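# Fold and geometry: a report
One-letter residues, chain by chain:
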Amino acid sequence: MQITKAIFPVAGLGTRFLPATKAQPKEMLTVVDKPLIQYAVEEAYAAGIREMIFVTGRHKRPIEDHFDTAFELEYELEQAGKTELLNVVQSIKPADMECVFVRQAKSLGLGHAVLCGERLVRGEPFAVLLADDLMVGEPPVLSQMVEQFKHWRASILAVQEVPQAQTKRYGIVAGIPVNDRLMDVSRIVEKPEPDVAPSRLGVAGRYILTPGIFDEIRRQPRGVGNEIQLTDGIAGILRREKVFAYQYQGKRYDCGSKEGFLEANIELGLQHPQVGSWLKGYLKQIKLD
């Protein structure tokens, strides 16, 4: 079965980036010249997904506008003969891509946000992408996971090895290795303290999930942070379905933190065809302690 739908939970307030996020969604913060949400959508599109489901909240209208047609802007660019810029604007939403928006009325956690997309998923396996995690890989990380799903026909979680002291920032998995990159998950714990973490494999912001996850999320009481946790739903589905953890090839930038956001801007800026050479020269010029 092909993965054709992706859920993007984008209802969060982004308080770690105030005051920048007071009047704009954190997902619209730009890394070099593209907002975070566009990187995530492009990754999903590259993996063959064509229906993008955005779970939004108040003040998230700029995300809808970004993926809408900008008639006035396109007209002005066309009249001015700025074909290259016109192509850039039109490429944000390819003709065969559908964007659907559903409101998460209350901020009750990631599990609840995913549950808000249930009706639109229509009983199919689907992907979940967290725009805060900017993932760079070749092939793209979600494309790697889709290939794993085609083989195993089961939920796939992207994981990476994290420092022991940071296990309380992640959902942590444990299980039986299948090969160098794949684990048959037997246990998943949300944000465990380092001394009780079952491993150092932390779940990154990419998931492929079977529709059975929705019933499990509904059964869960509020967990860590008094929120409905997606991790708890995955722990529930383990009782009757296989779940695999996949150590992806690539790099994750934690753009939910200022440090990760700056790291992404510098590293992707250095790779950018228009500003990369200039940035490299500039960094050589300035004095760094």
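Residues numbered from 1 in each chain as written. Predicted model: local features only at pLDDT ≥ 70, side-chain atom pairs only at ≥ 80, totals over all residues. Heavy atoms only, no water.

## Digging into the overall build of the protein chain
When helices and strands are counted, the protein chain shows 11 helices and 13 strands. Computed over its C-alpha atoms, the radius of gyration of the protein chain comes to 19 Å, within 12% of the 19 Å expected for a compact globule of 289 residues. Counting only C-alpha atoms, the protein chain reaches 60 × 50 × 40 Å along its principal axes. Counting only residues that meet the buried cut, the protein chain has 50% of its 289 residues in that class. Across the protein chain, contacts joining residues at least 24 apart in sequence account for 74% of those joining residues at least 6 apart. Looking at charge distribution, the protein chain has the averaged site of its 36 positive side-chain charges lying 4 Å from that of its 37 negative ones. (Helix = DSSP H or I, 4+ residues; strand = E, 2+ residues; numbered from the N terminus. Rg over C-alpha atoms; globule rule 2.2 N^0.38 Å. Buried < 20%, exposed > 50% of the residue type's maximum accessible area, 1.4 Å probe, protein only. Contact = heavy atoms within 4.5 Å. Lys, Arg positive; Asp, Glu negative; His and termini not counted. Charge placed at Lys NZ, Arg CZ, Asp CG, Glu CD.)

## Describing the pattern of salt bridges
Counting across every chain of the model gives 21 salt bridges. Between aspartate 65 and arginine 61 there is a salt bridge, with its nearest N and O atoms 3.1 Å apart. Highlighted residues: aspartate 65 and arginine 61, both in helix H2 (residues 61-66), separated by four residues, approximately one helical turn. Since its relative accessible area comes to 42%, aspartate 65 is described here as partly exposed. The structure contains a network of salt bridges with shared partners spanning Glu216, Arg219, Arg239, Arg240 and Glu241. (Salt bridge = Lys/Arg side-chain N within 4 Å of Asp/Glu carboxyl O.)

## Re the environment of isoleucine 63
Mapped onto the elements, isoleucine 63 comes out in helix H2. Here the alpha-carbon distance between isoleucine 63 and methionine 28, two residues 35 residues apart in the chain, equals 6.9 Å. Setting aside chain neighbours within four positions, we find isoleucine 63 in contact with Val10, Pro25, Glu27, Met28, Phe54 and Phe101.

## Some points on the packing of helix H10 (residues 258-271) against helix H11 (residues 276-285)
Axis separation between H10 and H11 bottoms out at 6 Å; the angle between their running directions is 125 degrees. With respect to H11, the axis of H10 lies oblique. In this structure, H10 uses Ile266, Gly269 and Leu270 to contact H11, whose residues at the interface are Gly276, Leu279, Lys280 and Leu283. For the contact of H10 with H11, a count of residues per class yields four nonpolar, two polar and one charged. (Axes fitted to C-alpha atoms, helices over the stretch in contact; angles between N-to-C directions. Parallel < 35°, antiparallel > 145°, perpendicular 65-115°, else oblique. Nonpolar A, V, L, I, M, F, W, Y, C, P; charged D, E, K, R; others polar.)

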